[in-house]
Amino acid sequence: MTATILVADDDRSIRTVLGQALTRSGYQVRTTGTASTLWRWVEDGEGDLVITDVVMPDESGLDLIPRIRRIRPELRIVVMSAQSTFTTAVMAAQRGAFEYLPKPFDLNELLAVVGRALAAPPPAGEPEAAEEERLPLIGRSPAMQEIYRMVARVTTTDLTVMITGESGTGKELVARALHDYGPRRGAPFVAVNMAAIPRELIESELFGHERGAFTGALNRNQGRFEQANGGTLFLDEIGDMPPEAQTRLLRVLQEGEFTTVGGRTPVRVNVRIVAATHRDLRALIRQGLFREDLFYRLNVVPIRLPPLRDRLEDIPLLARHFLAQAKGLPAKTLTPEAAERLKQHPWPGNVRELENLMRRLAALYPQETIGAEVIAAELAEAIPPAAPATATPTEPESMAQSVERHLRAYFASHKDGLPAAGVYDRVLAEVERPLIRLTLAATRGNQIKAAAVLGLNRNTLRKKIRELEIPVVRGLG
């Protein structure tokens, strides 16, 4: 039997286009410009699938979803909206929509969604209504729309999520959104940065320790897993976790229990894991620095956040948001020219760099309107000058300390005194990554010039950029 599609949108042209496309695909179609008419059709038992806009003259399509689900739980609902925000996507998913499509969308994509919706089993249960909450993610670019849709699909699940992306792209914001909009939102959200914990203390930090477990352990200490019980544990910079801690983490993920350092009684926890890293874990696996079995345990749902340079249309929206957040200061606005100037910057620090710039402008500039000349001056200061060719290289004290830190951490966890495998690569990466990144910034992203400054072959530089995951904005040199 031919399926009937009910389409509700207050834009006549959209109704016409969708009606024609669906009819050509063999469906029967009824279209309306009001939520009230759509509701009457649903009450009368019409339709096998609903496609509804959010904003309509008489009622929001989002508000209609729970009512439809109560009387016709088997009816699939596809939501489309020009209000392409994270909240819209999540609210659509939480209220029971099969899919959310931001406008404008490709007709072939819509037809594919319709096909999947009609073939899918009926949805079960009545969803909880989403609460209006503070918008955690900002952006209307296609890249961000895909992130919204992915997050909306997995918020209501307990699936383990791996968030990847360059530093400053908002990985913790996504992790918090997964928690705050999901069923665990009333339980703890515990974040731990693996790169900020001394290697020899990671197991105690994660799993806790008993009194007397080691020198200085005067009391029992509850680890982050126990603190997050019932909620979400966010493991940031998971690529910096040492191998011995990786083994224990894998065991917890497999068995759902662990023992504290110095303890004997297993501790069971119910925790959702969200991990994040700016590093290439597959490259670390090839180098023997990350367990492959742990990678597949963590990478159940991969979410890769785009760098800011890949979502330039979001920059003015983000900038205005950060300016508005400056509480206790006079309100400031950007001229259109200033917003365009922001788009020309490579943003190696991504959204975090833009946020810091807007905070600085809000605090330091007295004028209410910020022009392009102010932005240009601030961004010029952000690009470090190239190092003088005659500079004599010296070993900074911090580098010696870094080497000692890596060696101490290694031998603290390898009591047998075997060679410090992997220390050379880790220390070398600490030197090469900022050296190449700053040189590229100084040459405005021109890799030929950067290779000449560094005294490297251009192919060698490209290989290192790829291996070290260094952001490059092309076409600036």
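As shown above, the structure is provided for reference.
A brief report on the enclosed structure follows. (Residues numbered from 1 in each chain as written. Predicted model: local features only at pLDDT ≥ 70, side-chain atom pairs only at ≥ 80, totals over all residues. Heavy atoms only, no water.)

Some points on the packing of helix α1 (residues 12–24) against helix α5 (residues 107–119)
Packing of α1 against α5 brings their axes to within 11 Å, and their N-to-C directions diverge by 60°. By the angle between their directions, the pair α1 and α5 is classed as oblique. Relative to α5, the crossing made by α1 is right-handed. Of α5, the residues touching α1 (which contributes Val17, Leu18, Ala21 and Leu22) are Leu107, Leu110, Leu111 and Val114. Its residues assigned to classes, the contact of α1 with α5 shows eight nonpolar, no polar and no charged. (Axes fitted to C-alpha atoms, helices over the stretch in contact; angles between N-to-C directions. Helix = DSSP H or I, 4+ residues; strand = E, 2+ residues; numbered from the N terminus. Parallel < 35°, antiparallel > 145°, perpendicular 65-115°, else oblique. Left-handed = near helix turned anticlockwise from the far one by under 90°. Contact = heavy atoms within 4.5 Å. Nonpolar A, V, L, I, M, F, W, Y, C, P; charged D, E, K, R; others polar.)

A closer look at the pattern of salt bridges
Throughout the structure, instances matching the rule amount to 25 salt bridges. Linking Asp9 and Lys103 is a salt bridge whose minimum nitrogen-to-oxygen distance equals 2.6 Å. Here the residue Asp9 occupies a position in the loop between β1 (4–8) and α1, and Lys103 occupies one in the loop between β5 (99–102) and α5, the gap between them amounting to 94 residues. In this structure Asp9 comes out as buried when scored by relative accessible area, which is 0%. A salt bridge links Arg248 to Glu203; its shortest N-O distance comes to 3.2 Å. Taken as a pair, Arg248 in helix α10 (residues 243–255) and Glu203 in helix α8 (residues 202–207) lie far apart in primary sequence, 45 residues in all. The exposure class assigned to Glu203 is partly exposed, which follows from its relative accessible area of 23%. (Salt bridge = Lys/Arg side-chain N within 4 Å of Asp/Glu carboxyl O. Buried < 20%, exposed > 50% of the residue type's maximum accessible area, 1.4 Å probe, protein only.)

A word on the nonpolar core
Counting residues in hydrophobic clusters, the biggest one holds 45 residues, and the most contacted among them are Val79, Phe86, Val161 and Ile163. Of the residues forming this core, the biggest block, six residues, is contributed by helix α6 (residues 142–154). Setting aside residues up to four positions removed in sequence, Val161 forms contacts with Val154, Leu178, Arg272, Ile273, Val274, Ala275, Leu298, Val301 and Ile303. Within the second largest apolar cluster, 32 residues are counted, among which are Val190, Leu206, Leu233 and Met241. (Core = buried A, V, L, I, M, F, W, Y, C linked by side-chain atoms within 4.5 Å.)

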